[in-house]
Amino acid sequence: LDYEVILLAAGQGKRMGASRNKILLHLIGKPVISYSLNTFLNDPACKHIILVAQEDEQVLLSAMIKKEAKKIRCPITIVSGGHERQYSVYNGLNAVFSLKNIVMVHDGARPFVNLTQLKLLHQKVQETRAAILGVPVKDTIKRVTDGIVQETVPRETLWQIQTPQAFYGEDLLAVHVCAQQEGYLGTDEASLIEKYSKLPVSMVLGSYENIKLTTPEDMLIGEAIVKRKRS
Ligand code: CTP
Ligand code: MG
């Protein structure tokens, strides 16, 4: 069973503090978005890439695809984003070929997802209908209110959640419609599945390299990761 992917690029990148959207910033000579785009283009199971982008960046992005995409193996559809990440996903969902298909959602700001992780995630979603990538938390996490530590949260059960997250299109659409009716905004797709469906979400062990580029320091870490991969 093949899948379609919604690749999110319609943010502003405010926390990056750059003069343009962070997914267009260059990371060792290539725009951030081109890394994950090429990874999906290299996955034979990926049958459709839906790139969600701001309207005024779409011309730039289609030019970038022509230049940076190594081989265009599957159709790439560009659709407009929304004011919130969740609305951008919803717009992407309206462009899928079929809601019967598996749909992955990926942050364009995560350049380092690799084919091994895509394969593991793809296998798991076919078994359980809902699967997400992540890694166990490394730091000690405490709950703090008004500057006072309330408790240390047992770390064994805590995971840091990444993308891609994989579901069936029909399940994802159903929970998005529920969330929209209630005006609920989740920070990832799985949180909507947890809240509005009975489907258990399976956790797939990813990699600590699959970081999201959020603040300027992340660009330095990103450069180091690219250099290590190349050496
Ligand atoms: N995104 C999107 N549409 C939005 C908001 C975010 O497609 N309305 C995308 C971003 O482009 C990014 C991913 O969702 O690839 C993860 O979001 P985040 O890291 O928060 O990116 P930004 O919203 O761009 O950054 P910031 O919150 O710092 O402004
Ligand atoms: Mg954001």
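Residues numbered from 1 in each chain as written. Chains lettered and ligands numbered in written order. Predicted model: local features only at pLDDT ≥ 70, side-chain atom pairs only at ≥ 80, totals over all residues. Heavy atoms only, no water.

1. Here's the deal with the overall build of the protein
Here is step 1 of the chain: Tallying secondary structure elements over the protein gives seven helices and 11 strands in all.
Here is step 2 of the chain: In terms of overall size, the protein behaves like a compact globule, its C-alpha atoms giving a radius of gyration of 17 Å where 231 residues would be expected to give roughly 17 Å.
Here is step 3 of the chain: The dimensions of the protein, computed from C-alpha atoms along their principal axes, are 50 × 40 × 35 Å.
Here is step 4 of the chain: Out of the 231 residues belonging to the protein, those deemed buried represent 49%.
Here is step 5 of the chain: The contacts in the protein between residues at least 6 apart in sequence include a share of 75% that link residues at least 24 apart.
Here is step 6 of the chain: When the accessible area of the protein is evaluated, it comes to approximately 11,700 Å², of which 54% is carbon and sulfur surface. (Helix = DSSP H or I, 4+ residues; strand = E, 2+ residues; numbered from the N terminus. Rg over C-alpha atoms; globule rule 2.2 N^0.38 Å. Buried < 20%, exposed > 50% of the residue type's maximum accessible area, 1.4 Å probe, protein only. Contact = heavy atoms within 4.5 Å. Areas by Shrake-Rupley, 256 points an atom, 1.4 Å probe, with all protein chains shown as cover.)

2. Structural notes on the packing of aromatic side chains
Here is step 1 of the chain: Evaluated as defined, the whole model comprises three aromatic pairs.
Here is step 2 of the chain: A ring pair is formed by Y35 and F112, whose centres lie 6.3 Å apart and whose planes are at 65 degrees; its orientation type is edge-to-face. Here F112 lies in the loop between strand 6 (102-107) and helix 4 (115-128) and Y35 lies in helix 1 (residues 32-41), a separation of 77 residues in the sequence.
Here is step 3 of the chain: Where Y184 meets Y196, the ring centres are 6.1 Å apart and the plane angle is 75 degrees; that geometry is what we call edge-to-face. With Y184 in the loop between helix 5 (169-182) and helix 6 (189-196) and Y196 in helix 6, this residue pair connects regions lying 12 residues apart in the sequence.
Here is step 4 of the chain: The residue whose ring lies beneath R129 is Y168, and the NZ or CZ to ring-centre distance is 4.3 Å. (Phe/Tyr/Trp six-rings, centres within 6.5 Å; stacked < 30°, edge-to-face > 60°. Lys NZ or Arg CZ within 6 Å of the ring centre and 35° of its normal.)

3. Here's the deal with the site of ligand 1
Here is step 1 of the chain: G13, K14, R15, S88 and K212 are the nearest of the 18 residues found near ligand 1.
Here is step 2 of the chain: Between ligand 1 and the protein, one listed contact pairs a nitrogen atom with a backbone N or O atom of G82 at 2.9 Å.
Here is step 3 of the chain: For ligand 1, the protein covers 88% of the area, taking 560 Å² as the surface of the free molecule.
Here is step 4 of the chain: Partitioned by chemical class, the residues of the shell around ligand 1 number four nonpolar, seven polar and seven charged. (Near = heavy atom within 4 Å. Polar contact = N/O pair within 3.5 Å; in protein donor to acceptor, adjacent residues only side chain to side chain. Nonpolar A, V, L, I, M, F, W, Y, C, P; charged D, E, K, R; others polar.)

4. Things to note about the pairing of strand 7 (residues 130-136)
Here is step 1 of the chain: Of all seven residues that make up strand 7, six are buried, and the element is covered over most of its length.
Here is step 2 of the chain: Relative to strand 10 (residues 159-168), strand 7 runs antiparallel, the two sharing six bridges. Its bridge partner lying in strand 10, V135 is registered against Q160. (Pairing = 2+ DSSP bridges.)

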